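This is what each chain is made of:
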Amino acid sequence: ILVNAKKYDENGEHEVDFFDEKDNLIIKGNNLLALHTLKEKYAGKVKLIYIDPPYNTGNDSFKYNDKFNHSTWLTFIKNRLDISKELLTTDGVIFVHCDNNEQSYLKVLMDEIFGRDQFIETITVVNNPRGRDYGGIANMHEFIHVYAKSSEDYKIYRITNLEKKFPFEDKLGPFETRELRNRNTAFHVGNRPNLCYPFYVNPKKQLDNGFLELSLEPKEGFVEVYPAKSMGIQTVWRWGKERAQKNLNVNLVGKSMREEGRFMIVEKYRDNSQMVRSVWADKGVNSERGTVHLRNLFGKKVFSFPKPEELLHRIISVSTKEGDLILDFFLGSGTTSSVAHKMN
């Protein structure tokens, strides 16, 4: 079915009559037929699907401009989403980029195809921070609907925040502190009695950065510290006693409070990762970056509305690991393939 196949590698261009699963594929043609062609080999093997289909604006590549335009667009998308679901792994996810023209109808359609329980989030992407000055309210954003193949099995990974700066450092590296006490009063001594136990702080022995020595056993000169009460409720620690013992005076230390004779138990927190947020408003997702990138590569405009590589890098980072299969069946300028290839 696939004809005129060529392979490009470090030695140039070659005629081929086969491919294997280690090859990166670009297939040109009707994407619905291509999806069905891929199903036999790749069903249940694709970890991430990202698509940026025509938005049905009347000015994009979807040219069915009559009174059936809206319903035809939905049918067009539905046929392709139906088959794409079969291609996903059990723990796979799909990201579908759209704007306000069809996003609310697309959400209902994806509820039907993937199931409402498989909905993960709708990401708001501030792709034009200056806004488009027409229509009464200047639009600044687009949407990405995110669904899982199975809500029990999917994985969305944390992202590294390279801009995060830690105020302290010890022999294990940079860190910040956060109170060990659980501030959520839904967890208290009544339902978590094992998390309410005393620490003992030595106010006279300072460790690195001015923090204080701890013990879990009473000692002479040490001050007993329980988690503080909040609105009359006895709160608890976030860690059990066994974990606290393993981290004592390494990742768990005492800290003097402003009020004389009072102390706090704090964790040295070293993680600079975070859950991906539902609003992306940083410069990396600005649509102009994709346009500038391609103009720098080709010296002229060769694609309309190319997505920036930073956007795809983030999507691939939070949803895949090296070696996973990724599919984009509205390839456009090829950003998805370019970034996936660079990320292995």
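Here's what I pulled together on the structure shown here.

**As for the overall build of the chain**
- On a plain count of helices and strands, the chain comes out with 7 helices and 19 strands.
- Here the C-alpha atoms of the chain give a radius of gyration of 27 Å, more than 25% beyond the 20 Å that 2.2 N^0.38 yields for 344 residues.
- Seen through its C-alpha atoms, the chain measures out along the principal axes to roughly 85 × 55 × 40 Å.
- When the accessible surface of the chain is split by element, carbon and sulfur atoms take 50% of a total near 20700 Å².

**Looking at the side chain of Arg314**
- With respect to the helices and strands, the residue Arg314 is situated in helix H6 (residues 309-319).
- Using a relative accessible area of 17% as the deciding quantity, one classes Arg314 as buried.
- Apart from the residues lying within four places of it in its own chain, the contact partners of Arg314 are Trp280, Asp282 and Val285.

**Overview of the sheet that holds strand S18 (residues 279-280)**
- Judged by pairing direction, the sheet is mixed, and its 6 strands sit side by side in the order S18-S5-S6-S4-S3-S19 without closing on themselves. Strands at the two margins of the open sheet, each flanked by one partner only, are S18 and strand S19 (325-327).
- Packed onto the sheet, helix H2 (residues 69-87) meets strand S3 (46-51), strand S4 (88-98) and S19 and runs at close to 145 degrees relative to S4.

**A word on the environment of Val285**
- Examined against the element boundaries, Val285 turns out to sit in the loop between S18 and helix H5 (287-298).
- Expressed as a C-alpha distance, the spacing of Val285 and Glu310, which sit 25 residues apart in the sequence, is 6.3 Å.

**Considerations on the packing of helix H1 (residues 31-42) against H2**
- As a packed pair, H1 and H2 sit with axes 10 Å apart at the nearest point and diverge in direction by 15 degrees. Classified by the interaxial angle, the pair formed by H1 and H2 is roughly parallel. For the pair H1 and H2, the crossing hand works out as left-handed. Of the residues in H2, those in contact with Asn31, Leu32, Leu35, His36, Leu38, Lys39 and Tyr42 of H1 are Asn79, Arg80, Ile83, Glu86 and Leu87.
- Class assignment for the residues of the contact of H1 with H2 results in 6 nonpolar, 3 polar and 3 charged.

**Focus on unusual backbone geometry**
- Here the phi dihedral of Asn4 falls at roughly 60 degrees; this positive angle occurs in a residue that is not glycine.
- Within the secondary structure, Asn4 sits in the segment before strand S1 (6-9).
- A relative accessible area of 67% means that Asn4 is categorised as exposed.
- Despite not being glycine, Asn344 has its phi angle at roughly 60 degrees, a positive value.
- Within the secondary structure, Asn344 is located in the segment after helix H7 (335-342).

**Topic: H1**
- The set of residues buried in H1 consists of Asn31, Ala34, Leu35, Leu38 and Tyr42. Take H1 and look down its axis: the buried residues cluster within an arc of 100 degrees, on one side only. Exposed and facing more than 90 degrees away from the buried side of H1 are Leu33 and Glu40.
- Next to the buried residues of H1 lie S3, H2 and S19.
- You can read the cap of H1 off the contacts: a side-chain oxygen lies 2.8 Å from the backbone nitrogen of Leu32, and it is on Asn30.
- Among the residues trailing H1, Gly44 stands out with phi positive, at a value near 75 degrees.

**A short note on the packing of H2 against helix H3 (residues 103-114)**
- For the pair H2 and H3, interaxial distance at closest approach is 10 Å and the crossing angle is 35 degrees. Classified by chirality, the crossing of H3 by H2 is right-handed. Here H2 contributes His70, Trp73, Leu74, Ile77, Lys78, Leu81, Asp82, Ser84 and Lys85 to the contact with H3, which in turn contributes Tyr105, Leu106, Leu109, Met110, Glu112, Ile113 and Phe114.
- Among the residues making up the contact of H2 with H3, the classes are represented as 10 nonpolar, 2 polar and 4 charged.

**As for the pattern of salt bridges**
- According to the stated counting rule, one finds 22 salt bridges in the structure shown.
- Two residues, Lys6 and Glu15, come together in a salt bridge whose shortest N-O distance is 4.0 Å.
- Among the residues examined, Glu15 registers a relative accessible area of 61% and is labelled exposed.
- Glu310 is the salt-bridge partner of Arg289, the closest N and O atoms lying 2.9 Å from each other. Here Arg289, found in helix H5, pairs with Glu310, found in helix H6; they are 21 residues apart in sequence, far enough to count as distant.
- Look at Arg289 and you get partly exposed, because its relative accessible area is 37%.
- Residue classification places Glu310 among the partly exposed positions, given a relative accessible area of 31%.
- Three or more residues joined by partner-sharing salt bridges are found here, namely Asp170, Asp208, Lys268 and Arg270.

Conventions we followed
Residues numbered from 1 in each chain as written. Predicted model: local features only at pLDDT ≥ 70, side-chain atom pairs only at ≥ 80, totals over all residues. Heavy atoms only, no water. Helix = DSSP H or I, 4+ residues; strand = E, 2+ residues; numbered from the N terminus. Rg over C-alpha atoms; globule rule 2.2 N^0.38 Å. Areas by Shrake-Rupley, 256 points an atom, 1.4 Å probe, with all protein chains shown as cover. Buried < 20%, exposed > 50% of the residue type's maximum accessible area, 1.4 Å probe, protein only. Contact = heavy atoms within 4.5 Å. Pairing = 2+ DSSP bridges. Axes fitted to C-alpha atoms, helices over the stretch in contact; angles between N-to-C directions. Parallel < 35°, antiparallel > 145°, perpendicular 65-115°, else oblique. Left-handed = near helix turned anticlockwise from the far one by under 90°. Nonpolar A, V, L, I, M, F, W, Y, C, P; charged D, E, K, R; others polar. Arc of directions from axis to C-beta. Polar contact = N/O pair within 3.5 Å; in protein donor to acceptor, adjacent residues only side chain to side chain. Salt bridge = Lys/Arg side-chain N within 4 Å of Asp/Glu carboxyl O.

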